[in-house]
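Secondary and tertiary structure notes
This is what each chain is made of:
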There are 2 protein chains.
Amino acid sequence: MARTAGSHSDITGPRVREAALRLFARHGFAAVSMRQIASEVGVQAGALYNYTPDKQTLLFELMRNHMNELLAAMRPDPAGSPSAQLDGFVRFHIAFHHARPDAVFIAYMELRNLEPENFATIEALRRQYETVLEDILCAGVDAGLFDVADTKVATLAVIAMLTGVTTWFRPDGRLSLGDVQDQYCQMVTRLVGAPGGSV
Amino acid sequence: MARTAGSHSDITGPRVREAALRLFARHGFAAVSMRQIASEVGVQAGALYNYTPDKQTLLFELMRNHMNELLAAMRPDPAGSPSAQLDGFVRFHIAFHHARPDAVFIAYMELRNLEPENFATIEALRRQYETVLEDILCAGVDAGLFDVADTKVATLAVIAMLTGVTTWFRPDGRLSLGDVQDQYCQMVTRLVGAPGGSV
DNA sequence: CTTGGATTTAAACGGGTGTTCAGTTAAATC
DNA sequence: GATTTAACTGAACACCCGTTTAAATCCAAG
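Quick caveat: nothing in here was measured; it's all calculated off a predicted structure.

With respect to the overall build of chain A
- Summing up its helical and strand segments, chain A has nine helices and zero strands in all.
- Element order for chain A, N to C, with α for helix and β for strand: α-α-α-α-α-α-α-α-α.
- Considered along the principal axes of its C-alpha atoms, chain A spans approximately 65 × 40 × 35 Å.
- Put simply, chain A has 199 residues, and 47% of those count as buried.
- Across chain A, contacts joining residues at least 24 apart in sequence account for 68% of those joining residues at least 6 apart.
- When the accessible area of chain A is evaluated, it comes to approximately 9600 Å², of which 52% is carbon and sulfur surface.
- Averaging the coordinates of the 18 positive side-chain charges in chain A and doing the same for the 22 negative ones gives two points 7 Å apart.

In structure tokens, the structure reads:
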């Protein structure tokens with residue numbers, strides 16, 4: 001068992017994933033070659049295959065990793081009221097996605113480049129995340145706090161609205177991330193017909 | 001001037017664009033080859049160059065065409081109230097986008113595959129469309145009908161929310177297109193703090 | 001029926017693709 | 001210092017890429 005301590009694989013492995021994430025987000029999975037990724041890492045193309053069985057799996061692992069991090073980070077306070085939970089969800093979604101623009105971009109844009117089996121896995125994780133929000137909405141409706149015609153539709157509407165932030169928000173722009181979070185909280189609060197959202 | 005009547009170009013041209021639209025939407029611009037498009041049309045790859053100078057322009061024309069159609073079809077009733085105009089915008093956006101899923105997909109997903117000049121053109125058209133909605137929101141705020149903290153943010157939030165419909169709505173599903181339009185109208189009405197959106 | 005231009009083919013161009021693998025390098029263990 | 005083995009190179013594999021071009025085909029007009 002040689003080269004366990006000073007091994008480069010501890011360094012090269014993450015660097016491969018970082019380069020792939022950045023390049024896939026920037027140019028798209030199909031438009032990026034293994035040689036481009038390798039060149040970014042400072043290695044020959046063949047060396048990448050020490051870290052991934054193939055290009056498809058490299059994409060899949062990036063997406064699965066992102067979704068797992070998302071689900072792990074999202075822990076709604078079970079003691080909070082539905083309104084507080086909804087508020088927390090909105091702020092969390094905006095902040096978490098803003099911190100990982102490349103991973104977000106890939107997770108939403110490269111789904112069609114996944115093989116069916118991999119697609120199903122990512123899709124399941126995505127639905128799991130949506131369920132977190134839907135449960136909050138259902139709890140609010142049950143408590144008579146929210147007025148939502150269809151919690152499934154409202155869930156998808158809110159998530160689409162929140163995810164859209166990543167396409168235009170720039171930290172050096174007119175509004176701070178906190179401003180944006182505040183505004184979206186108000187809009188979502190009103191959207192679900194919760195009290196406290198009126199004029 | 002021979003072959004003006006029985007010319008194939010009247011037939012092949014549209015067929016090229018249809019095939020490209022479908023394939024680009026399904027697999028992504030970078031993942032689709034000119035030979036695939038040609039094969040779909042029933043022609044050799046070289047024949048495509050009678051109808052487009054290159055692959056990039058083919059994509060660009062599809063996107064520009066879609067945006068132009070979108071802007072031409074979007075004519076808010078200048079006599080209507082801001083609330084009625086907003087309602088009309090929501091219903092129009094959902095219906096128009098649902099009728100052209102492939103073009104919508106391309107217009108939102110393939111922006112990064114456009115060369116800078118082409119990107120700027122499409123981006124300008126997109127902003128033109130957003131301005132239609134923002135003007136409605138501004139009119140509503142000026143009339144004291146809407147309560148919106150930031151019309152730009154609200155515009156982007158509403159459009160992201162509406163466009164998201166195309167990713168999940170299926171006409172053979174639980175809800176009809178009309179149901180979805182109704183629900184989004186209510187959610188948007190509440191989101192902008194307009195009267196008539198409360199419980 | 002010939003003509004001439006629109007339309008398409010077939011082949012070629014230079015270059016890039018994902019992936020494999022024998023061989024080289026270099027670091028950790030004995 | 002010899003041995004072991006993870007890490008990497010460099011070349012090759014078979015194939016696909018967008019685009020160009022000369023030649024063939026097709027068909028309305030004269």
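Considering the pattern of salt bridges
- The tally for this structure, following the rule as stated, stands at 22 salt bridges over all chains.
- With its nearest N and O atoms 2.9 Å apart, the salt bridge here joins Asp 182 of chain A to Arg 91 of chain A. With Asp 182 of chain A in helix α9 (residues 177-191) and Arg 91 of chain A in helix α4 (residues 82-99), this residue pair connects regions lying 91 residues apart in the sequence.
- By relative accessible area, which is 41% here, Asp 182 of chain A ends up partly exposed.
- Using a relative accessible area of 26% as the deciding quantity, one classes Arg 91 of chain A as partly exposed.
- A salt bridge links Glu 134 of chain B to Lys 152 of chain B; the nearest nitrogen and oxygen atoms lie 3.3 Å apart. Within this pair, whereas Glu 134 of chain B is found in helix α6 (residues 116-142), its partner Lys 152 of chain B is found in helix α7 (residues 151-163), the two being separated by 18 residues in sequence.
- Overlapping salt bridges bring together Asp 87, Arg 91 and Asp 182 of chain A as one network.

Focus on the domain arrangement of chain A
All names here are of chain A.
- If you check the domain split of chain A, you get domain 1 (9-52) and domain 2 (57-191).
- Summarising the inter-unit geometry, the C-alpha centres of domain 1 and domain 2 are found 28 Å apart.
- If you look at the interface, domain 1 gives eleven residues, while domain 2 gives ten residues.
- Of the roughly 1000 Å² buried at the junction of domain 1 and domain 2 (both faces included), carbon and sulfur atoms supply 77%.
- Looking only at domain 1, the three residues that lose the most surface to domain 2 are Leu 21, Ala 25 and Phe 29, adding up to 49% of its buried area.
- On the surface where domain 1 and domain 2 come into contact, there are zero salt bridges.
- Across the contact surface, domain 1 and domain 2 share two residue pairs in polar contact (both at pLDDT 80 or more).
- With seven residues, helix α1 (residues 9-27) is the largest single contributor of residues to the side of domain 1 that touches domain 2.
- Here the side of domain 1 that touches domain 2 is built from residues that sort into seven nonpolar, two polar and two charged.

Definitions and limits used
Residues numbered from 1 in each chain as written. Chains lettered and ligands numbered in written order. Predicted model: local features only at pLDDT ≥ 70, side-chain atom pairs only at ≥ 80, totals over all residues. Heavy atoms only, no water. Helix = DSSP H or I, 4+ residues; strand = E, 2+ residues; numbered from the N terminus. Buried < 20%, exposed > 50% of the residue type's maximum accessible area, 1.4 Å probe, protein only. Contact = heavy atoms within 4.5 Å. Areas by Shrake-Rupley, 256 points an atom, 1.4 Å probe, with all protein chains shown as cover. Lys, Arg positive; Asp, Glu negative; His and termini not counted. Charge placed at Lys NZ, Arg CZ, Asp CG, Glu CD. Salt bridge = Lys/Arg side-chain N within 4 Å of Asp/Glu carboxyl O. Domains from an automatic or database assignment. Buried area = accessible area lost by both parts, 1.4 Å probe. Polar contact = N/O pair within 3.5 Å; in protein donor to acceptor, adjacent residues only side chain to side chain. Nonpolar A, V, L, I, M, F, W, Y, C, P; charged D, E, K, R; others polar.

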